[in-house]
Structure formats: C-alpha cells, structure tokens
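Examining the three-dimensional arrangement
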Amino acid sequence: MQPINRPIRWGILSTGAIAAAFATALRQVTDATLLAVGSRSQASADGFAQIHNVDRAYASYVELAADPDVDVVYIASPHTAHFENTMLCLGAGKHVLCEKPFALNSTQTEQMVALAKHNGLFLMEAMWMRFIPLIVELKRRIDAGDIGQVRMVQADFGFRAPLNPNSRLFNPELAGGALLDLGVYPLAFSALLLGQPTEITSLADIGRTGVDEQSAYVLKHKDGELSTLASALRTQTSMSAWVYGTQGRIHLPKQFWRAKEMVLYRNDMEPEPIHLPYEGSGYQFEAQEVVDCLRSGQTESKVMPLGDSVSLMNTMDTIRRQWGLTFSIEAE
Ligand SMILES: NC(=O)c1ccc[n+]([C@@H]2O[C@H](COP(=O)([O-])OP(=O)(O)OC[C@H]3O[C@@H](n4cnc5c(N)ncnc54)[C@H](OP(=O)(O)O)[C@@H]3O)[C@@H](O)[C@H]2O)c1
C-alpha cells in the first residue's frame, strides 16, 4: 500500500454512543479530519453532522462507503453488523477501523482479514486499550523484566446495568451478553501479556433474555501461566487488574483498560506508583495509530495485529461453545 501523504479523511459509520465519542476524540488526532458520516437515516446523519461539524451526511452506509474522498471508515454499529459493514467498506476500497468485538465469530473475522489482505487495505480492531499510554508502559515494564516472568493475570470488567431486554447489551438479536461486550477486554489484556491460551475453562450465568449476564474464564498458557478473568452486565465488579510475576506484581485500579495509574510492587522494594495521565476519552490513541499506519503505508498495526484479533475471536468462540450459546444471526 502507498503511504498517504496528506491528512487522513475519516468517515464514521453509524451515529450511536461510541460514534459520538470517537468523533470528539478525532479532534485530538494529528493529521486527521472527519469528512463524512453514514447512518440508516438522513435525520440521524444530519443531526450527527451538525453536532460534530461533519461536511457530508449520508442516509445509508452504502453511500458513505462509496464516497471517493473518504480514506478510512470507523465502524461503530452493533456487533451483529460489524462483519457486513466491514465487508462493505473493504469491498469499496476503504481502510477500516472496526469496533470490538471485531465480529461475531472467527469465521467472520477470517473473511474480513482475507478481504483486507486481498484488497491491500488497512484493517484493525478498535482495541483502544492497547494504545493507552499506561498500558503501553505496562507492557514495556513487563518486557523489560521489571516483575520477572509473568505467572498469573487477573482482570475483570463488570457493571450493574438496568435489565432492559431491548438494549444492545441484553438483546440476543444484537449478540448481547457480557462476554462479547466486556469480556473481550480482560481477554485482550491477558493475550497482550501472555499470548494465546492453550486451555480454556469457563462458566456463564445465562439470564432471562438468553445472553450471559455474567461469565468467568480461566485460561492456561504455554508455560503454565494462568489468567483468571470475568465480565458482568448485572454485577458491579472491581474493574481492576493484577499482573503477578516471579519478582513482583503490578496493580491497575478501576477501569484498568483505560487506566492512568498503576502501582509496581517489586520484591523487597518500596511500591512504585506510575502515573500517565491523558486528556479526553482515550480513543484518540487508537485513531492516531490508524492515521500513522496509513501515512506510513502499513496495512496492519504492529500493536494490534490482525492475528491477535483472530486469536481473540477463537478464544471467545471456544468459550461460547462451552456454554452452547449461539446467536440466531449466526445461523442465517
Ligand atoms: N470502544 C469502546 O469503548 C466501546 C464503547 C461502547 C461500545 N462499543 C462498541 O461499539 C459498538 C456500538 O456500540 P454503541 O454503544 O455505540 O451502540 P448504540 O449507541 O446502540 O449505537 C449503535 C448504532 O449503530 C447503528 N445501527 C446499525 N444497525 C443497528 C441495529 N440493528 N440496531 C441498532 N442500531 C443499529 C445505529 O446508527 P444509525 O441509526 O445511525 O445507523 C446506532 O446508533 C458495539 O459493537 C460496542 O461493542 C465500544
């Protein structure tokens, strides 16, 4: 792929909550402009365009994908639409940043990756956690051996949402449930530090709408390392993470996936607090990565490579198979 030697022109596909947060974050990104938005309705597209100062507002995703001036599309639709929307944009020659979970399953994920590669286009899962400065520093410290060899990882992401069967979180028609929405973060955190698991054991409590309201996962990795992870939609959890090594441990407090501070406890040394504050939501860092990749002609991020997204999806497929949880849309 040829490097793009001018500011990158973004399109946003859909006008929901995360689309709005991302549009705001784009203002903090160097060499990026928000050119267009596409929605299933003209009224939503116009409303979004007005609030976020976007020049072009389309009444369909197809029209957005067809805009010849858009370089890259950010897919912010519900999980169930990620595959179709990503394939549409890649098929129209657009680079793509697609929200997490990247797709519903590994079959879809592999098709998305294959089309991006075939068309020579950039594709990345919006796993923004990996670009948060403190998470980058955590990885650097661990790779430098600051806590010895990592032996265990603990992380959870759970909150108590009101039980609304129609909301994206609880609706099986929109592939709701804790695993795909929230569990993907502790799983991606574990994968960042320990790689792909070799064994997976999990349990879920399936609620009355038919999706997992809470679930827990124990992963074993190649040298016997263990990850104990959990996610929940109806239970407030600590939302924190611990990384335990042979020579110390690291604690990331509440909202570990967007943390600004952590404490490093090395054996026989004073605890070392590390602060890496940032302004805004934190979505600007993943967007900057996309821009930097496009401007340097890379079709894949080295920080969030496509192989990691495939592996993450394989793990979530295995977990759902253990519960017998499938979504009706997967049968279509
Ligand atoms: N990275 C993060 O921190 C983060 C946070 C929240 C969510 N997410 C992810 O982002 C995605 C969207 O989440 P959200 O909270 O923004 O959802 P949301 O507020 O419900 O918005 C989703 C948007 O998708 C479009 N859409 C397309 N097909 C739809 C359908 N069948 N039903 C409803 N909406 C449909 C709609 O936009 P139009 O009407 O304009 O077409 C809607 O506004 C999810 O996959 C979620 O996992 C990520």
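In what follows, the accompanying structure is described.

Reading the values: the criteria
Residues numbered from 1 in each chain as written. Predicted model: local features only at pLDDT ≥ 70, side-chain atom pairs only at ≥ 80, totals over all residues. Heavy atoms only, no water. Core = buried A, V, L, I, M, F, W, Y, C linked by side-chain atoms within 4.5 Å. Buried < 20%, exposed > 50% of the residue type's maximum accessible area, 1.4 Å probe, protein only. Helix = DSSP H or I, 4+ residues; strand = E, 2+ residues; numbered from the N terminus. Contact = heavy atoms within 4.5 Å. Pairing = 2+ DSSP bridges. Axes fitted to C-alpha atoms, helices over the stretch in contact; angles between N-to-C directions.

**With respect to the nonpolar core**
Counting 111 residues, the largest nonpolar core has Trp10, Phe189 and Leu252 as its most contacted members. Of the residues forming this core, the biggest block, 12 residues, is contributed by helix 7 (residues 178-194).

**Considering the side chain of Ser190**
With respect to the secondary-structure elements, Ser190 resides in helix 7. By relative accessible area, Ser190 is classed as buried at 1%. Setting aside residues no more than four positions away along its own chain, Ser190 makes contact with Val153, Gly195, Leu219, His221, Ser227 and Leu229.

**Topic: the sheet that holds strand 14 (residues 272-275)**
Taken in spatial order, the eight strands line up as 8-9-10-7-11-12-13-14 in an open sheet, and their pairing is mixed. Sheet topology places strand 8 (199-206) and strand 14 at the edges, where each strand pairs with a single neighbour. Going from strand to strand, the sheet's axes swing by 10° on average, the running direction of each strand aside. Relative to strand 10 (residues 226-232), strand 9 (residues 212-220) is paired through seven bridges, and the arrangement is antiparallel. Note that in strand 10 the partner of Val218 across the bridge is Thr228. Seen against the sheet, helix 6 (residues 133-143) touches strand 7 (150-158), strand 11 (241-245), strand 12 (248-252), strand 13 (261-266) and strand 14 and runs at an angle of roughly 15° to strand 13. Contacting strand 8 and strand 9, helix 9 (residues 306-323) runs over the sheet at an angle of about 55° to strand 8.

Function-wise, these values are silent; they only describe arrangement.
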